[in-house]
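# Residue-level structural notes
The chain contents come next:
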Amino acid sequence: MIIYGIGTDIVEIDRIKRAMERFPKFVDRLFTIEELAYLESKALKPQHVAGGFSAKEAVLKSMGTGLRNFKWKEIEIIRDEKGKPFVRLNGKAKDYADDNYIGDIHISISHSKNYVTATAVAEISIEKRWMDIESMLIGGNAEGRHCIN
Ligand SMILES: CC(C)(COP(=O)(O)OP(=O)(O)OC[C@H]1O[C@@H](n2cnc3c(N)ncnc32)[C@H](O)[C@@H]1OP(=O)(O)O)[C@@H](O)C(=O)NCCC(=O)NCCS
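Residues numbered from 1 in each chain as written. Predicted model: local features only at pLDDT ≥ 70, side-chain atom pairs only at ≥ 80, totals over all residues.

What follows concerns the overall build of the protein. What the protein contains, in helices and strands, is six helices and five strands. Scanning the protein from its N terminus toward the C terminus, one meets helices and strands in the order β-α-α-α-α-β-β-α-β-β-α. For the protein, whose C-alpha radius of gyration is 19 Å, the value lies well above the compact-globule estimate of 15 Å for 149 residues. In terms of principal-axis extent, the alpha carbons of the protein reach across some 70 × 30 × 30 Å. Relative to its 149 residues, the protein shows a buried fraction of 28%. Considering only intrachain contacts with a sequence separation of at least 6, the fraction spanning at least 24 residues in the protein is 61%. (Helix = DSSP H or I, 4+ residues; strand = E, 2+ residues; numbered from the N terminus. Rg over C-alpha atoms; globule rule 2.2 N^0.38 Å. Buried ≥ 20, exposed ≤ 12 C-beta atoms within 10 Å, placed from the backbone. Contact = placed C-beta atoms within 7 Å.)

Printed below as a string of structure tokens:
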């Protein structure tokens, strides 16, 4: 595995709790239907909402970007059948990852009473790089053939 970048984040759970109370649309703005299904299975407890938010921020840092012109929902934190979180990118965030050869992004989340922390590790995708090199080589060969002919 070749590492593209790492990202870490810490969030005060109380800050998220207050945002949820003040802005009823807070969770809908941040999370996709699939993410919401998980959070609802946890009774929308602020510690889990904060975990999802913190994970998204950690992912943004691992890509070295910050939010830029991405949307929060383009960075999805999904769970596997055992509850392990994993990252799925969509839209502009996925385009950015593809353009920069970013492959899998691993994520880990932890909470204490007052804080949530998340760590992300983004891999370089050898496959994406190789596909680019291959298409460059094919392009080069085609040009070469053109010269010979
Ligand atoms: C990059 C970003 C994720 C930083 O998160 P933050 O919650 O604002 O701040 P944090 O304290 O967690 O992190 C700050 C650190 O991020 C790091 N950082 C800044 N830009 C970064 C980037 N492009 N890539 C990776 N890390 C970056 C820096 O080390 C910074 O610490 P420093 O200022 O001491 O150098 C943030 O700028 C961002 O884009 N956030 C999304 C927008 C947002 O949070 N809006 C508020 C909605 S409630």
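Next comes the rest of the account.
Of note in the backbone geometry, Ala-43 takes a positive phi value of approximately 55° without being a glycine. Among the secondary structure elements, Ala-43 is positioned in the loop between helix 3 (33-41) and helix 4 (46-62). Residue Tyr-101 is not a glycine yet carries a positive backbone phi of 60°. Along the chain, the position of Tyr-101 falls in the loop between helix 5 (91-99) and strand 4 (102-111). On the neighbour-count criterion, Tyr-101 (18 C-beta atoms within 10 Å) is partly exposed.

The values are spatial; any link to function lies outside them.
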